Amino acid sequence: MLAAGVVAGVLVVIGVGGAVACKATDLNCHLRSAPEWQLSEIEGQRGGTRALNPALTTTRVVGGLDYPTDFDFLPDGRMLVVTRAGMIELVDHGHVRPKPVLDLTDSVSLWGLRGVMALAVEPSPKRPVHFYVAYSVRDPKYPDPTSPKPTTVRISRFTLDGDTASPASEKVIEGRVTGGSCITKPTTDCLPGDRDHIGTDFAFLSDGTMLISTGDGGPAQGNVELSQNLDSLGGKILRVDHAGHGVPSNPFWNGDPNANRSKVWAYGFRNPFRMSVMPSGDVIAGDVGFDDVEELDLVRRGGDYGWPCYEGTIQTPAFHATSFCRTYYSRHAKRPLAAWFALPHTQARTVIAGASLDRATALPQRFRTDYVLADWAVSKLWVTPEATHKEHLLPLADLHVVESGAAGPVRLRIGPDGALYELAINTGELWRITGTPH
């Protein structure tokens, strides 16, 4: 989904000592060598001078991470952080442990916007601790990590043993097809990553099931059509048990827990990169847009969110004249389900679904009825009142900027201490946001 500062095949970050680079073919450099990273005005780093709502303040938890894409909290309050290249780090009281928890760099495809996109710790009081990772797979036929050949995505569960996880603990729960294009095998256990549009995210529900968002692998015509194919795993939100099986209460259950359609909860997505569960149990997904519109969607059981024939409120210009979409429009005079927010590209470019602030006790009281979202490319955070969660398009006036110049936010989470945590991929930093002391 995301990459940072790609220039002539090299990922560049501007540091205190000047430009520091990790070659795109050798991203397994663990931590960046420079300990500090300046607030750069260069586009793609911080997107302008950082500005925060005066009622809020930030503290950097850790820096120097090598293009981190996700993080989550362990039961003891420490954090796992994963990098795009596949290094899973342990952050303990503001320090990265010298030894990584897990090194997946030999398995990850890094061409274009591929890589490790999501990490989540299973919310269970039982031991041992399990965590889930979503990553683009390096096809054994093309061992170069930057090979542009089509490949697939894998969702795996790992087991933490002390402060590390053995690669042998990997249990693949979705995406057992390795390499190649899902276009040629759409009804198999194949998660598309032909180019990018990987998604992916995890959400754990109160009934013990989990949601997994998947992208269409796009942007080819064959990829985008997977989003409307209930027998494909691409462009969906899946609801499965923790072993990856579909459950009988799913809308398209056919009696086989291993059948793709038995796992589908909602469909018609392009690149649902982040999800969040609300106090009501509702789920919000941020679907990264194509040429015109970014979406936040209130996800409903069996819902069709219109891609590739609808983007936001409009018929998708690039596909509306195709025979596929002409047929779709003949069956759907209007988009089946409205977006919660449709953000035009004059305002946003790569939407990041955030979090409910109801548990954010370290923030001022007035924020605790809000929902926070972000955008990687324009490096902003917004809040909107949670009370407006309805199944119709909401006005952009309901969005209020609380941070600009945010250095590429890719994940927002509420910590066990009630603070809002923000992961910035562009500068390799994790920030803690709280109320401003009086």
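Data block above holds the structure.
Just so you know, these numbers come straight off a predicted model, no measurement behind them.

Draft legend 1. Highlighting the overall build of the protein chain. Scanning the protein chain for helices and strands turns up three helices and 32 strands. Within the protein chain, the proportion of its 438 residues that are buried is 59%. Nonlocal contacts in the protein chain, meaning residues at least 24 apart in sequence, comprise 60% of its contacts between residues at least 6 apart. Accessible surface for the protein chain amounts to roughly 16200 Å². Of this, 54% is attributable to carbon and sulfur atoms.

Draft legend 2. Looking closely at the environment of Ser232. Looking at the element boundaries, Ser232 is found in the loop between α1 (221-226) and β18 (236-240). Taking relative accessible area as the criterion, Ser232 reaches 2% and is therefore assigned buried. Taking C-alpha positions, Ser232 is 8.6 Å from Cys182, a pair spaced 50 residues apart along the chain. Here Ser232 is in contact with Pro186, Leu226, Asn260 and Val264, once residues within four sequence places are set aside. Among the polar contacts made by the side chain of Ser232, one reaches the main-chain amide nitrogen of Gly234 at a distance of 3.1 Å.

Draft legend 3. How the structure looks around the state of the cysteines. With the rule as written, the count across this model stands at two disulfides. Covalently, Cys182 is tied to Cys190 through a disulfide, its sulfur atoms 2.0 Å apart. Its S-S torsion of about -90° marks the bond between Cys182 and Cys190 as left-handed, since a negative value means left-handed. The burial state of Cys182 is the same as that of Cys190; both residues are buried. There is a disulfide in this structure between Cys309 and Cys325, and the S-S distance comes to 2.2 Å. As the torsion about the S-S bond is roughly -90°, the Cys309-Cys325 disulfide counts as left-handed. Of this pair, Cys309 sits in the loop between β22 (293-299) and β23 (310-311) while Cys325 sits in helix α3 (residues 323-331), and the two are 16 residues apart along the sequence. With respect to burial, Cys309 and Cys325 carry one shared label: buried.

Draft legend 4. The layout of surface pockets, seen in detail. Its volume calculated, the largest pocket comes out at about 970 Å³. Elements that contribute at least two residues to the lining of the largest pocket include exactly β6 (68-73), β11 (116-121), β16 (201-204), β20 (272-277), β26 (351-356) and β30 (409-414). For the lining of the largest pocket, the element with the highest residue contribution is β30, accounting for four residues. In terms of residue class, the lining of the largest pocket is made up of 22 nonpolar, seven polar and ten charged. What the second largest pocket holds in volume is close to 340 Å³. Lining the second largest pocket are 17 residues, and of these Leu113, Arg270, Val288, Gly289 and Thr350 sit closest to its centre. Its residues placed into classes, the lining of the second largest pocket shows seven nonpolar, five polar and five charged.

Draft legend 5. Focus on the pattern of salt bridges. All chains considered together, the criterion is met by 21 salt bridges. Across the pair Asp70 and Arg274 runs a salt bridge whose closest N-O atoms are separated by 3.8 Å. Taken as a pair, Asp70 in strand β6 and Arg274 in strand β20 lie far apart in primary sequence, 204 residues in all. This pair shows no difference in class: Asp70 is buried, exactly as Arg274 is. Residues Asp163 and Arg97 are paired through a salt bridge, measuring 2.7 Å at the closest nitrogen-oxygen approach. Pair noted here: Asp163 is in the loop between β13 (152-159) and β14 (171-174) and Arg97 is in the loop between β9 (95-96) and β10 (102-103), with a separation of 66 residues, a long-range link. Owing to a relative accessible area of 29%, Arg97 belongs among the partly exposed residues under this scheme. Beyond isolated ion pairs, a larger network of salt bridges with shared partners links Asp70, Asp72, Asp201, Arg274, Arg411 and Arg413.

What counts and what doesn't
Residues numbered from 1 in each chain as written. Predicted model: local features only at pLDDT ≥ 70, side-chain atom pairs only at ≥ 80, totals over all residues. Heavy atoms only, no water. Helix = DSSP H or I, 4+ residues; strand = E, 2+ residues; numbered from the N terminus. Buried < 20%, exposed > 50% of the residue type's maximum accessible area, 1.4 Å probe, protein only. Contact = heavy atoms within 4.5 Å. Areas by Shrake-Rupley, 256 points an atom, 1.4 Å probe, with all protein chains shown as cover. Polar contact = N/O pair within 3.5 Å; in protein donor to acceptor, adjacent residues only side chain to side chain. Disulfide = S-S within 2.5 Å. 1 Å grid on protein atoms, 1.4 Å probe; cavity = no way out; pocket = protein on both sides within 12 Å on 5 of 7 lines; lining within 4 Å. Points joined across faces, edges and corners; volume = space filled by probe spheres on them. Nonpolar A, V, L, I, M, F, W, Y, C, P; charged D, E, K, R; others polar. Salt bridge = Lys/Arg side-chain N within 4 Å of Asp/Glu carboxyl O.

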